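Single-letter residue listing:
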Amino acid sequence: MLRRNEVTESKYVLGIETSCDETGIGIVRIRESGDARHELLSNTIASSMDEHARFGGVVPEVAARAHLEALQPAIEAAVAESGITLADVDAVAVTSGPGLAGALMVGIGAAKALAVSLGKPLYAVNHLVGHIAADILDPDAPPLEYPTVALLVSGGHTSLLLVRDLTSDVELLGETMDDAAGEAFDKVARILGLPYPGGPEIDRAAAEGDPKAIRFPRGLSRASDMAKHRYDFSFSGLKTAVARWIEQREAAGEPVPVADVAASFREAVVDVLVTKALDACAQHGVPRLLLGGGVIANKRLRDVTLQRAEAAGVTVRIPPLRLCTDNGAMIAALAAELIATGRAPSTLEFGADSTLPVTQIQVAAKEPVTS
C-alpha cells in the first residue's frame, strides 16, 4: 500500500459520472495528510428518470441524449456551488465503466475534452469502486478500515466485494446472475400496477403489508447452490414467482393483496442480500460491512442489515444517502484517493467499457516515472 503524500496546498478534483440515467458532477478538495477526510464541495445531479418513466425502465439512447443536454449546465452548477473556478481544478475524473456504453461515452468525451483544455491530468475509474469511495466523503465517519466487505445494490448492479484497499485491491466475491435487485423492484412494481421507479413505490405499498404473508423463494440460497454460487444473487425467479402467484389469485377470482405481495417480495430480496453479505463477513473473518448503491435508500434493507449485523458482531457503514445513488462526487473521491496515494493519472487511451471488472479500479494508468 502506498503512503499518502504530505502536501500543504489545496487540490481539487472534478468528477463526472454518466453510467446510467443520472448526470453527476462532483468537486472534492483533496486532503492528503494523515487520516483527514476529503472535503465534498459540490454534488450536482441531473436525472433523466422522468423521461424513462413512460417506458417503465431506462432506455439507453434516451439516457445518452439526456447526458449530452445536461452535462454543461451540471458542470457550471457544480463549479458555482463549490466556490472555485474551472481554472482551479487540478484533476478531472470520469467513470469508464461499467454501465451503459452510450451513456459512458458522453461522460468520457466531456472529461477528455475538459482535461485537455485545462491541461490537467485525467483519472478514468471504476463506477462500482466509486460507490465504495462515497463513504470516505462522510465527515462524521471514522477512516475506512481494511479489509471490509461491501454490498453494492442498485438498479443495474448487485455485487458483493472484498475490499482490502480502495485504490489497489478489490475482489469480486459474487454478483447477480440475472436481474439486479433494483431491476427486480421495477419489474414487480409493474406487475402490481405501480409506477416507475419501482423501489419507492414497493416501499410505500409494503408499509401496510405483512412481510410474512407469502413465502417467496430466496434465489441461490439452497445448500446445493453454496459450492458455485455462495455469494451470487438471482432475482429473476423471484420476479416470476410473484407474477405466477398474482396470476393464480386472479384466475381464482380473488383480489390481489398488493400490500402483502409488496411486503413479502421486499422481504425476500432483503433476506437474500443480508444473509449473503453477513455470510461473506463470517467466512472471510471481516467484522465490517459497507453498504452502497441507490437501493440502500430502502429503509427495510438498512434496518434488517443493522439488526442482524449487530447480532453477528459486524459493524455496518452506510454513506450519506445522497451519495448512495450514482453521483460525480464518488468518482471525484476515488480519484482523490488515487492522487493522495501517489497514483499516476490515466492516459487518453481508454474508452467506455460496459463490463469493466471491479478489480480494475483505474483504467489506462500511466506508468510511474522511476529515477
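Just so it is clear, the structure is predicted and the values come from calculations on it, not from any experiment.

About the thresholds
Residues numbered from 1 in each chain as written. Predicted model: local features only at pLDDT ≥ 70, side-chain atom pairs only at ≥ 80, totals over all residues. Heavy atoms only, no water. Helix = DSSP H or I, 4+ residues; strand = E, 2+ residues; numbered from the N terminus. Buried < 20%, exposed > 50% of the residue type's maximum accessible area, 1.4 Å probe, protein only. Core = buried A, V, L, I, M, F, W, Y, C linked by side-chain atoms within 4.5 Å. Contact = heavy atoms within 4.5 Å. Pairing = 2+ DSSP bridges. Axes fitted to C-alpha atoms, helices over the stretch in contact; angles between N-to-C directions.

> Hey, could you go over unusual backbone geometry for me, with residue numbers and the actual values?
The residue after Gly97, namely Pro98, is reached through a cis peptide bond having omega -10 degrees. Summarising the element assignment, Pro98 is placed in the loop between strand S4 (91-97) and helix H3 (101-118). Following Tyr196, the chain continues into Pro197 via a peptide bond in cis, with omega recorded as 0 degrees. Summarising the element assignment, Pro197 is placed in the loop between helix H5 (181-191) and helix H6 (198-206). Positive phi values are uncommon outside glycine, yet Leu220 reaches one of about 50 degrees. For Leu220, a relative accessible area of 17% corresponds to the buried category. Positioned with a positive phi, Ala364 is a non-glycine residue whose angle comes to about 55 degrees. Tracing the sequence through the fold places Ala364 in the segment after strand S11 (362-363).

> An account of the nonpolar core is requested, with residue identities and associated values reported.
Among the nonpolar cores identified, the biggest contains 49 residues, and Leu151, Leu160, Phe216, Phe265 and Leu289 are the most heavily contacted of them. The element contributing the most residues to this core is helix H9 (residues 258-283), with 14 residues. Here Leu289 is in contact with Thr148, Val149, Leu151, Ala277, Leu278, Cys281, Thr305, Val314, Thr315, Val316 and Arg317, once residues within four sequence places are set aside. The next biggest cluster of nonpolar side chains, apart from the first, holds 37 residues, and it includes Ala133, Leu166, Leu323 and Ile339.

> Summarise the sheet that holds strand S8 (residues 169-175); cite the residues concerned and give the values.
Ordered by their spatial adjacency, 5 strands build an open sheet running S8-S7-S6-S9-S10, and the pairing between neighbours is mixed. Taken across any chain shown, the strands that pair with only one partner, and hence form the sheet edges, are S8 and strand S10 (315-317). On average, each strand axis in the sheet is inclined to that of its neighbour by 25 degrees, with strand direction left out of account. Where strand S9 (residues 288-292) lies against S10, 3 bridges are found, and the strand directions are parallel. Looking at the pairing, Leu289 lines up with Val316 of S10.

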